Amino acid sequence: MKLRFEGQVEQLLPGIKLLASDLGIELHEDGALVRVGSSPAENELEIGLENGQGYMRYGKKHQFFRGLGLFVQHSRLHDSFNLREKQQFELVGPMFDLSRNAVLTVDGFKLMLNKLALMGMNSVMLYMEDTYEVSSEPYFGYMRGRYSHAELREIDDYADLFGIEAFPSIQTLAHLEEFLKWQTVWHYRDTKGALLVGEERTNKLVENMIEAASSPFRSRKIHVGMDEAEELGRGKYLDKNGYGNRFDIMAAHLDTVLSVTRRLGLKPMIWSDMFLKLAVGNAGTESNYYDQNTTIPEEMARRIPKDVDMVYWDYVHTEPEHYERVIANHRPLGCNVVFAGAVWIFNTFGVNYGLSLGATDVALQACKKEGIREVYATMWGDDGNESNPFAALLGLQLYAEHAYTEGSPASDRLAERVKLCTGIEANAFLQFKYLDETPGSEPNNSKQSNPSKFLLYQDVLLGQFDKQIEGLEMNAHYKWLESQIRAHRNPSAELDYLFDVPEKLSAVLKRKSECGLSLKRAYDMKDMDALRHIATIELPAIADAVRQLRGAHRTQWLRMFKPFGWEVLDIRYGGVVNRLETASFRLLDYVEGRIDRIEELEQERLLFNATNRFNNKGAGWCSYYYRMASPNVFFHVINPF
């Protein structure tokens, strides 16, 4: 499609050229004319085609690029059309977790920004616990793929081409385990992950962090974190100062942080969970944060500064009344309320689209009703980041469509838009959910089962998860999924490589999921022929499939992420293969009479934990690789202060 633009398009041309190949367009003097102008209202977008001539009217720069995608999409289907959209949120965009092994390369980030531009996103948050340079702290982000100032500036420059505001999200209190693990900086720590607040050198560290994180960006926004700081005041702080009320400690530290942001002219936000937890008298559990009966004491409300935005995060609920009530709980704080939902790539190889899409739809409708003007989609990479944010693009598309729709966007509209913006069919993205939405899971995997991860990493001789998947026909499920993924692939699509890993993971799990069950059954029956077959045929075949999976995953990782962090997954894959080889070795020792029993197979199989199908908690959940791989001690940490 050849197009030529008329109007004030000079500042738009660099972005148009970057998106041209994605859209299949060419800028040409003989192309169809598209007149570009301003919309009467800055939150409105209008595009159309009449008598062979197009027009686009927009209020803000990012809306033009959404409009460009819409124009191309509808021009391919209609000779004439007129579309009007009104932006429902002032700011909408993703939050990328760049702190849990997977740090997007600058080129990977640019590719993602292309997709976000076509969606009409206008904000992007970079979550960096220690993955940015602090010149005074050489161990800050050491060997973790930290971004240089120049790299962050390059990302910011690229985002600005599309009118997307990039800004940092850091931690200034807790979630700093990866920095505080280094012995040379133990003077900064209260506990394993929390800073020792109230100390002059800690205050200087925080000042340096805020300056380093914010300086590469045009935006004056900064997220200073401060969530899940349950350890606050319970380690070295307690030894030095005695018991202190945690609200008082946190409020004093917030004052210190805000003194820096005010001096630098920054607009800060923090996660709100600690204040709501402390309001109900216990900062120890998530359930307290979500308590719909929370009442903010007047004294607390007075103590909290009003020039900091409170970010309410909620990733799981599907009842509108819940969101409305918890938003109401925030109001007495007197601060602007921002909402952060999620596209669930946490602790899995896939994407929990069943939960993500349902919760997002309900949450964003509630945000519109309650007048929330700023929303974000988090994509956490807990415990290794086996998945990736590109797999979550369908979920991000739902955020974008909500941002330009008064109610809830229709599913066919969502499907059309994600195909235009990403080149991938919606139904192809949905195959990711079946890695964990398996037999035994609750509808839409609402209880966050993650068998794609624990069935890969569990040991076939130890069979920790065998009891809870017994009878669920997991092998058959993954065999079906392998064929489904293959059928939905499009080799000509730029992002088709995203499906290499789930396809090859399914090829592993169609063999490995129930292998431990077969092994234990054959052992209990003293079926030596079956045991020999498992040892010489089945386990080597699984190991070979794991090697193929690892190769595909490595290629994918290095295509989008920095190499730092891949070593973690390399080690995990190596552990799976080595344990399969050891299992074959021990089985052959047994069937050939060199040992008289296999102690691991003598053990009764028990349920892994209380999260299982027998109490309607899904097919199972485990948060940590080392617990999936073994019930024994991987490491013992002593934290001297």
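Along each chain, residue indices are assigned from 1 in the same order as the chain's sequence is written. For a predicted model such as this one, the threshold for reporting local features is a pLDDT of at least 70, and the threshold for listing and counting side-chain atom pairs is 80 or more; totals across whole chains, interfaces and linings nevertheless cover every residue. As a rule here, side-chain values cover all heavy atoms of the structure and leave hydrogens and water aside.

Draft legend 1. Local environment of helix H15 (residues 411-422). In this model H15 runs 16 Å from its N-terminal to its C-terminal C-alpha over 12 residues, within 8% of the 16 Å that 1.5 Å per residue would give. Burial in H15 covers these residues: Leu414, Arg417, Val418, Leu420, Cys421 and Thr422. Axial view of H15: buried residues confined to an arc of 165°, hence all on one face. Contacts between residues were defined by any pair of non-hydrogen atoms, one from each residue, lying within 4.5 Å. The helix count covers DSSP runs of H or I at least four residues long, the strand count covers runs of E at least two residues long, and both are numbered beginning at the N terminus. Contacts made by the buried residues of H15 are with helix H1 (13-23), helix H2 (61-75), helix H3 (106-119), helix H14 (393-403) and helix H16 (426-430). Where H15 terminates, the next one or two residues include Gly423, which has phi positive at roughly 85°. The length a helix should cover is 1.5 Å for every residue beyond the first. Only protein chains enter the accessibility calculation, which uses a 1.4 Å probe; a residue is then buried when its area is under 20% of its type maximum, exposed when over 50%, and partly exposed in between. Arc definition: directions from the helix axis to the C-beta atoms.

Draft legend 2. Expanded view of the nonpolar core. Ranked by internal contacts, the top residues of the largest apolar core, which has 219 residues, are Phe5, Phe64, Phe109, Tyr132, Phe339 and Leu456. What Phe339 contacts, discounting residues up to four positions off in sequence, is Tyr312, Asp314, Tyr323, Ala363, Leu364, Cys367, Ile372, Glu374, Val375, Tyr376 and Tyr399. Here, nonpolar core refers to any group of buried Ala, Val, Leu, Ile, Met, Phe, Trp, Tyr and Cys residues whose side-chain atoms link them within 4.5 Å.

Draft legend 3. Spotlight on unusual backbone geometry. In this structure, Asn101 is a non-glycine residue whose phi angle is positive, near 80°. With respect to the element layout, Asn101 can be found in the loop between strand S7 (91-97) and H3. If you check the backbone angles, Asn445 has positive phi at about 50° while not being a glycine. Here Asn445 lies in the loop between H16 and helix H17 (451-457). Residue Asn445 is classed as buried on the basis of its relative accessible area of 1%.

Draft legend 4. How the structure looks around the pattern of salt bridges. We count a salt bridge whenever a side-chain nitrogen from Lys or Arg sits within 4 Å of a carboxyl oxygen from Asp or Glu. Within the structure shown, the criterion is met by 58 salt bridges. The closest approach of N and O atoms between Glu154 and Lys110, which form a salt bridge, is 2.7 Å. Here Lys110 lies in helix H3 and Glu154 lies in helix H4 (residues 149-161), a separation of 44 residues in the sequence. Put simply, Arg413 and Glu401 hold a salt bridge, and the shortest N to O gap is 3.3 Å. On the criterion of sequence distance, the pair formed by Arg413 in helix H15 and Glu401 in helix H14 is long-range, its members being 12 residues apart. With a relative accessible area of 22%, Arg413 lands in the partly exposed category. Judged by relative accessible area, which is 0%, Glu401 ranks as buried. Residues joined in a network through salt bridges with shared partners are Glu482, Arg486, Arg489, Asp496, Asp500, Glu503 and Lys510.

Draft legend 5. Highlighting the pairing of strand S4 (residues 44-50). For S4, the buried fraction is high: 5 of the 7 residues fall into the buried class. As judged from the 6 bridges shared by S4 and strand S6 (residues 81-86), these two strands associate in the antiparallel manner. Within S6, the residue paired with Gly48 across the bridge is Asn82. Strand pairing is assigned whenever DSSP detects at least two bridges linking the two strands. As paired strands, S4 and strand S5 (residues 53-58) are joined by 6 bridges and run antiparallel to one another. Within S5, the position partnered with Ile47 by the bridge is Met56. The hairpin formed by S4 and S5 contains 2 residues between the paired strands, and Asn51 there has a positive phi angle of roughly 55°.

All we've got here are geometric facts, nothing functional implied.
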